[in-house]
Structure formats: C-alpha cells, structure tokens
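So the chains spell out like this:
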Amino acid sequence: LEATREAREVAAAAVPAMIGMFVTLFLFAMVAQPMATGAITRAVGTRYLNEEISVGKAYKAIASIFFKYLGTILLTGLVIGLGMMLCLVPGLIFATWFAFVSQVVVLEGIGGTKAMGRSRELVRGFGWRVFGYFLLTLALNILIGWILGLLGGLIAPLLSSGPLGITLVNQAFQQVVNLFVMPYFIIVMILLYYDLRVRKEAFDLELLSKSLAAPAGYSAAKPSPPPTT
C-alpha cells in the first residue's frame, strides 16, 4: 500500500511537469521557431543584398506577416506530409517543389497557395538540383540529430535524476544546439533561392533589392534585349 501511494504521488507530481513540457514544446514549435526562422531568413536575405538590417528590424518584419507565414508553412507541411503517406515518392516531389515557400513568404510577401505556386515555378527546370540540396540537408539533419541524441543521453543524467527530468534536459539541450545549427541550413536555401531567381528571371542585385521593398506579387520586368544592328 505504501509503495502504491508513493507511485500515485510521483505520477500526480509528474502530470503538471509533463503538461508544462508539452505547452513549452508547442509554443516553441508554433511561435518561437517560426519567428526565429523567418527573422533569420529576412536578415540573411537583406544582408545578401548589402542592405542594413538589425535583429529588431528582422523580427519586426516577420511579426507583421507572422500568421501568413505560419499558415503557409503549416499548409505546405500538410501537403508534403500527405504526399509522404502516399508511398513516399509524392512527398519527396512536393518537398522539392515547395522548397522555397519560406523564402517566398518572407522576401516577396506572397502567402498561401500562391507562395507554393511561386516556389514551384522557381524550381521548374532545376528540380534535380534542388532535390540534391534537399537530400543533403536531410542527411545532415539526421546525422546531427543522431549526434545530439548521443550527447543528450550522456549529459542529461549528469544534470537531472529521474526519467522525466532527463527527458526535459535532453529536449532543452537539443533545442539550444538547434539554434546554432539551424541558420546554416537557412543560409544555404536562401543562396539557392537567389541563385534560381537570377538564373530564371535575369534579376541583378539592384532589382532584387527593390523587390524586397515591393508589395506582394511584385515582379520586376526582365531587361530588354540589346538592339539589333
């Protein structure tokens, strides 16, 4: 009876902690991570064009379009997830088509299915190139996740006791490390995004700079062909 009572007390104490962990992870996944990803995208995209940007300006820019950004990301993730359930191949195709949805929303101000269509147009003709980057990024993510899992498994028992405490420490450790790893993958995709825009739309850096400040749906005209003699 004594052991049963102690087990119930431990379980009762663990429930609030588990709820708190769930709420924290939910807020991180739905608010903090999208905000950070969008702000980094805006900052790197702006600096790529040699324009001034600050942390405050980057977060202010993403805050103004946060719900559009989050909704588009969730919609894209849903479509890719459904594709993954259909024998995997459609999911990989969708992931390739919509690889630049985040960049399109943040840097061009286009959201929803229009952002997905815009990404698809950018990828058209360069699908294998983008797919190669996608596979490389996926492989690196898996490798880094595996390494983080090993390190977390070694560090967590030193900082906490009990399965719940170890789980919380392990999750916190992985999220902190991800904050340092995530920008690398974002930068790679931004550079590829601009590379495709330059290749397909004949944009130079001046036109790209103007497009950042243009309203949603803006599309600069391609340069006129040289006069014939």
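The structure presented is a predicted model; accordingly, all values stated were derived computationally and were not measured.

Novice: Got a sec to walk through the overall build of the protein? Specific residues and values, please.
Specialist: In terms of regular secondary structure, the protein is built from nine helices and zero strands. In the protein, the order of α-helices and β-strands from amino to carboxyl end is α-α-α-α-α-α-α-α-α. Every one of the 229 residues in the protein was classed for burial, and the buried ones make up 32%. Summarising the internal contacts of the protein: among those between residues at least 6 apart in sequence, 67% fall at separations of at least 24. As displayed, the protein offers around 13,700 Å² of accessible surface, 72% of which is attributable to carbon and sulfur atoms.

Novice: Outline the packing of helix α3 (residues 66–85) against helix α5 (residues 101–108), listing residues and values.
Specialist: For the pair α3 and α5, the least separation of the axes is 10 Å and the interaxial angle reads 165 degrees. By the angle between their axes, α3 is roughly antiparallel relative to α5. In this structure, α3 crosses over α5, and the sense of that crossing is right-handed. Of α5, the residues touching α3 (which contributes K68, Y69, T72, I73 and T76) are V101, S102, V105 and V106. When its residues are assigned to classes, the contact of α3 with α5 shows five nonpolar, three polar and one charged.

Novice: For unusual backbone geometry, give the residues involved together with the corresponding values.
Specialist: The backbone phi angle of C87 is positive, close to 65 degrees, even though this residue is not glycine. One non-glycine residue, L88, lies in the positive phi region at around 75 degrees. Note that L88 resides in the loop between α3 and α4 (89–97).

Novice: Can you break down α4 residue by residue, with the values?
Specialist: When we look at burial in α4, the residues that qualify are G91, L92, A95 and T96. On an axial view of α4, the arc spanned by its buried residues comes to 135 degrees, and they lie on one face.

Novice: Tell me what's going on with the packing of aromatic side chains, and back it up with residues and numbers.
Specialist: Across all of its chains, the model carries nine aromatic pairs by this definition. Measuring from centroid to centroid gives 5.7 Å for F94 and W97, while their planes differ by 55 degrees, and the two rings are tilted. Of the two residues, F94 and W97 are both situated in helix α4; the distance of three residues between them amounts to about one turn of the helix. Residue F94 is classed as partly exposed on the basis of its relative accessible area of 22%. Considering the side-chain rings of Y193 and Y194, the 5.1 Å spacing of their centres and the 55 degrees angle between planes classify their relative orientation as tilted. Grouping residues by exposure puts Y193 and Y194 together as buried. Here a set of aromatic residues connected by ring pairs shows up, and it is made of F94, W97 and F98.

Novice: How would you sum up α5? Please name residues and give values.
Specialist: Judged by how many residues are buried, α5 sits mostly within the fold: eight of eight residues are covered. Buried within α5 we find V101, S102, Q103, V104, V105, V106, L107 and E108. Backbone geometry just after α5 places G109 at a positive phi near 75 degrees.

Novice: Account for the confidence of the model for the protein, naming residues and giving values.
Specialist: Per-residue pLDDT for the protein averages 78, and the proportion of residues at 70 or more is 71%. Ranking the elements of the protein by mean pLDDT puts helix α9 (residues 205–212) last, at 58, and helix α6 (residues 112–123) first, at 95. In this model residues 215–224 is a low-confidence stretch, pLDDT under 50, and it forms 12 contacts with partners more than four residues away in sequence or in other chains.

Novice: Describe the pattern of salt bridges, naming the residues involved and giving the relevant values.
Specialist: Scanning the model with the defined rule gives seven salt bridges in all. Across the pair E108 and R118 runs a salt bridge whose closest N-O atoms are separated by 2.9 Å. Highlighted residues: E108 in helix α5 and R118 in helix α6, separated in sequence by 10 residues. Assessed through its relative accessible area of 8%, E108 is described here as buried. By relative accessible area, which is 17% here, R118 ends up buried. Notably, a salt bridge pairs D195 with R129, separated by 3.2 Å at the nearest N-O pair.

Novice: Which residues make up a nonpolar patch on the surface, and what are the values?
Specialist: Taken together, the side chains of L143, W146, I147, L150, L151 and L154 make up a nonpolar region of the molecular surface, amounting to roughly 610 Å² of accessible area. Within the secondary structure, L150 is located in helix α7 (residues 127–159).

Conventions adopted
Residues numbered from 1 in each chain as written. Predicted model: local features only at pLDDT ≥ 70, side-chain atom pairs only at ≥ 80, totals over all residues. Heavy atoms only, no water. Helix = DSSP H or I, 4+ residues; strand = E, 2+ residues; numbered from the N terminus. Buried < 20%, exposed > 50% of the residue type's maximum accessible area, 1.4 Å probe, protein only. Contact = heavy atoms within 4.5 Å. Areas by Shrake-Rupley, 256 points an atom, 1.4 Å probe, with all protein chains shown as cover. Axes fitted to C-alpha atoms, helices over the stretch in contact; angles between N-to-C directions. Parallel < 35°, antiparallel > 145°, perpendicular 65-115°, else oblique. Left-handed = near helix turned anticlockwise from the far one by under 90°. Nonpolar A, V, L, I, M, F, W, Y, C, P; charged D, E, K, R; others polar. Arc of directions from axis to C-beta. Phe/Tyr/Trp six-rings, centres within 6.5 Å; stacked < 30°, edge-to-face > 60°. pLDDT = per-residue confidence, 0-100. Salt bridge = Lys/Arg side-chain N within 4 Å of Asp/Glu carboxyl O. Patch = residues over 30% accessible without salt bridge, like charges linked within 9 Å, V, L, I, M, F, W, Y side chains within 5 Å.

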